[in-house]
Amino acid sequence: MFMKKRKLFVTAVVVILFQTILFAKTPTDHLNIGKAIVYNETIYNLGWSSHPNYDLYIQEYFPKGEKPESYNNMYSITVDLRSDVTVDEFVAAKVRELDERKKTDKVCHYQVLENNGEFIVHLVVSQASTKEANKIGMVEFDIQYYHMIEINNRKVLQLDLFSHREYGDNILPFLSSLNDKLNDYINAITKMDVKPDLSH
């Protein structure tokens, strides 16, 4: 059972940074985990991947009909081969980032859970509407699962991330129902059996 990490409890809800990326037309399965995965009984297909440097691999998966540019659900897997950064340090960096975001994003909340050296960070962030001032246009809920795996006889970091976005009038109903679904989301991500293979 994941327990609260130190006193970092702030309210349960999550999310990812908003960033602009170039999306490849034909994503490569760098991690050799397949072009499709199943999370929480939903099939996700590989929609974007990146291997920006020797140490880092990122793959993003989406349900049928959804795209990297605009989605409701996304599942990503990141593998970081650096051996000089611990899971605790990755999580601490994420907490610092979210604490900074809270200064300008009133919706931003997060919780950190820990179990035997593995961490869950779940959070919610928001983005302002582009059409109406002082109105939220989108919220993003993320579950980030930080854990160590073994690749080529080395311990490396794997980050599994589930991201869900809601827009406009769907925001409040989603946030109201989130607590009822949260445990299911967390249990599902910790039971994922994704095994990257970089031996090729």
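Residues numbered from 1 in each chain as written. Predicted model: local features only at pLDDT ≥ 70, side-chain atom pairs only at ≥ 80, totals over all residues. Heavy atoms only, no water.

Asks: Could you give an account of the overall build of the protein chain, with specific residues and numbers?
Replies: A tally of helices and strands in the protein chain yields two helices and 10 strands. Seen in sequence order, the protein chain has helices and strands lined up from the N terminus as β-β-β-β-β-β-α-β-β-β-β-α. Counting the 200 residues in the protein chain, one finds 47% classified as buried. For the protein chain, the accessible surface area stands at approximately 11,300 Å², while carbon and sulfur atoms represent 49% of it. (Helix = DSSP H or I, 4+ residues; strand = E, 2+ residues; numbered from the N terminus. Buried < 20%, exposed > 50% of the residue type's maximum accessible area, 1.4 Å probe, protein only. Areas by Shrake-Rupley, 256 points an atom, 1.4 Å probe, with all protein chains shown as cover.)

Asks: Outline helix α2 (residues 171-190), listing residues and values.
Replies: Since the α-helix packs 3.6 residues into each turn, any two residues three or four apart lie on the same face. Along α2, the helix axis deviates most sharply at N179, where the bend reaches about 60°. Every buried residue belonging to α2 is among I171, F174, S177, L178, L182, Y185, I186, A188 and I189, and all of these are buried. (Bend = angle between axes of the 7 residues up to and from the residue.)

Asks: Mind laying out the packing of aromatic side chains, listing which residues take part and the relevant values?
Replies: All chains considered together, the criterion is met by eight aromatic pairs. Plain terms: the ring middles of Y39 and Y44 are 6.3 Å apart, the flat faces sit at 65° to each other, and that makes the pair edge-to-face. Members of the aromatic cluster, connected to one another through ring pairs, are Y39, Y44, Y75, F141, F162, F174 and Y185. (Phe/Tyr/Trp six-rings, centres within 6.5 Å; stacked < 30°, edge-to-face > 60°.)

Asks: With reference to specific residues and values, describe the nonpolar core.
Replies: Across soluble globular proteins, you tend to see nonpolar side chains buried next to one another. Core analysis: the biggest nonpolar cluster contains 35 residues, and Y39, Y75, I77, F141, F162 and I189 have the highest contact counts within it. Elements represented by at least two residues in this core include exactly β3 (36-39), β4 (42-53), β5 (56-62), β6 (73-80), β8 (118-128), β9 (136-151), β10 (154-167) and α2. The greatest single-element share of this core, amounting to eight residues, is contributed by α2. If we ignore the near neighbours within four places in the chain, the residues touching I189 are Y39, Y75, I120, I143, Y145, D160, L161 and F162. Counting 15 residues, the second largest nonpolar core, distinct from the first, contains F90, Y110, V125 and Y146. (Core = buried A, V, L, I, M, F, W, Y, C linked by side-chain atoms within 4.5 Å. Contact = heavy atoms within 4.5 Å.)

Asks: Quick one: what's the story with the environment of S199, residue by residue and with numbers?
Replies: Tracing the sequence through the fold places S199 in the segment after α2. C-alpha of S199 to C-alpha of L31: the two residues are 168 residues apart in sequence and 9.4 Å apart in space.

Asks: Go over the pattern of salt bridges, please, and point to the residues and values.
Replies: Where side chains of opposite charge bring their charged atoms close, a pairing between them can arise. Summed over the entire model, instances satisfying the criterion amount to six salt bridges. For K103, the salt bridge identified is with E100, shortest N-O distance 3.0 Å. Here K103 falls in the exposed class, since its relative accessible area comes to 63%. Across the pair D105 and R101 runs a salt bridge whose closest N-O atoms are separated by 3.0 Å. In this structure D105 comes out as buried when scored by relative accessible area, which is 6%. (Salt bridge = Lys/Arg side-chain N within 4 Å of Asp/Glu carboxyl O.)

Asks: Which residues make up unusual backbone geometry, and what are the values?
Replies: Non-glycine residue N32 carries a positive phi angle of around 55°. Secondary-structure assignment places N32 in the loop between β2 (13-14) and β3. You can call N32 partly exposed: its relative accessible area is 35%. Phi at N40 takes a positive value of approximately 55°, unusual for a residue other than glycine. Mapped onto the elements of the fold, N40 is located in the loop between β3 and β4. When its relative accessible area of 39% is taken as the criterion, N40 is described as partly exposed.

Asks: Please give an account of the pairing of β3 that cites residues and values.
Replies: Across the two faces of β3 the burial differs, with I37 and Y39 buried and A36 and V38 not buried at all. Bridge analysis of β3 against β4 gives four bridges, and the strand direction is antiparallel. Paired with Y39 across the bridge in β4 is T42. Counting the residues that bridge the hairpin from β3 to β4 gives two residues, and of these N40 lies at a positive phi of roughly 55°. (Pairing = 2+ DSSP bridges.)

Asks: Can you break down the side chain of S49 residue by residue, with the values?
Replies: Within the secondary structure layout, S49 lies in strand β4. On the accessibility criterion, S49 (9% relative accessible area) is buried. Here the side chain of S49 touches T28 through a polar contact of 2.7 Å, landing on its backbone oxygen. Ignoring any residue separated from it by four or fewer positions in sequence, one finds S49 in contact with P27, T28, H30, I58 and Q59. (Polar contact = N/O pair within 3.5 Å; in protein donor to acceptor, adjacent residues only side chain to side chain.)

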